[in-house]
Amino acid sequence: MRCFKMIKRTILLAALLLCLTQFGLSVKLHTFPDLVYPSMFVVDNEYIYFFDHRNPNNKMYIYDRNDFKLVKALLKKGEGPREVILYCTIAPTENKINVFNDHKLILYSKKFEYLNEIRLTFSDSSCVPVKDRYIVSSFEGEGDALSQVYALYHLEDNRLEKMKDLFRLPLDMRELTDNLIVFISKMAVWKDKVFIATG
């Protein structure tokens, strides 16, 4: 009798766990048929932005976050205005979509209207938008002394003109010269804050 109660409890527990996993942890999956080989995506309050560098047509696809329908496809492959080569970094803000590619920044409004294109003198990975400004990192140093090389983080305006220095991050040159791959820093934005991860 005791064994029967134990088996009954085990079966009830298994059924309860099965119900919880089926109904309590439901997942909604969706397929994006326009994408060939997406290499990045970003989500904001309204949209999901994909960059698909292998797609022969448009390179940036924007979907509605609620119904997953395609809203807009932007950018073509090339070197002209509104054209990109290889990989892009998409960084939407409250009122703009920033697209960093190679040594240029392409700006769109949140209504997907082309605004401007700015040539960059630095790598696109060293720049992040914060509201209507940008945080840029660059390597600086004095003379040829490796011990005096540092990463400088500074604030730039919406035309990417320097406003002020924020801080200097000293670099360990022994690590840079001894290793093939070195993690220097990575920037991420949340609301009006920038988070910088260092090695």
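Residues numbered from 1 in each chain as written. Predicted model: local features only at pLDDT ≥ 70, side-chain atom pairs only at ≥ 80, totals over all residues. Heavy atoms only, no water.

Time to look at the sheet that holds strand β10 (residues 114–119). Sheet architecture is open: 4 strands sit in the order β7-β8-β9-β10, paired in antiparallel fashion. Both outer strands of the open sheet, β7 (89–92) and β10, are each paired with one neighbouring strand and no more. On average, adjacent strands in this sheet sit at an angle of 20° to one another, irrespective of strand direction. The pairing of strand β8 (residues 96–101) with strand β9 (residues 104–109) spans 6 bridges and is classified as antiparallel. From the neighbouring strand, N101 faces β9, where its bridge partner is K104. (Pairing = 2+ DSSP bridges. Helix = DSSP H or I, 4+ residues; strand = E, 2+ residues; numbered from the N terminus. Axes fitted to C-alpha atoms, helices over the stretch in contact; angles between N-to-C directions.)

Along the chain, K110 falls in the loop between β9 and β10. Among the polar contacts listed, one links the side chain of K110 to the side chain of D44, at a separation of 2.8 Å. Among the polar contacts made by the side chain of K110, one reaches the main-chain carbonyl oxygen of T93 at a distance of 3.1 Å. Sequence-distant contacts of K110, that is, excluding residues within four places in its chain, are made with D44, E46, Y47, Y49, P92, T93, E94, N95, K96 and I97. (Polar contact = N/O pair within 3.5 Å; in protein donor to acceptor, adjacent residues only side chain to side chain. Contact = heavy atoms within 4.5 Å.)

It is worth spelling out the environment of V36 at this point. Tracing the backbone through its elements, the reader meets V36 in the loop between α1 (2–24) and β1 (40–43). Residues V36 and P56 lie 20 residues apart in sequence; the distance between their C-alpha atoms is 8.8 Å.

Spatially, the 4 strands line up as an open sheet ordered β1-β2-β3-β4, and their pairing is antiparallel. Among the strands making up the open sheet, the edge pair consists of β1 and β4 (70–74). Along the sheet, successive strands turn relative to each other by an average axial angle of 15°, direction set aside.

This part takes up the packing of aromatic side chains. Under the defined criterion, the tally for this structure stands at 9 aromatic pairs. Each ring, one from Y47 and one from Y49, has its centre 6.1 Å from the other, and the planes form 75°; the classification is edge-to-face. Classification of Y47 as buried rests on a relative accessible area of 11%. For Y49, a relative accessible area of 0% puts it in the buried group. Summarising the aromatic geometry, the rings of F100 and Y134 are spaced 6.4 Å apart at their centres and angled 90° between planes, so their arrangement reads as edge-to-face. One end of the pair, F100, is in strand β8; the other, Y134, is in strand β12 (residues 133–140), and 34 residues separate them in sequence. Look at F100 and you get buried, because its relative accessible area is 1%. Its end group placed over the ring of Y114, R82 keeps NZ or CZ at 4.0 Å from the ring centre. (Phe/Tyr/Trp six-rings, centres within 6.5 Å; stacked < 30°, edge-to-face > 60°. Buried < 20%, exposed > 50% of the residue type's maximum accessible area, 1.4 Å probe, protein only. Lys NZ or Arg CZ within 6 Å of the ring centre and 35° of its normal.)

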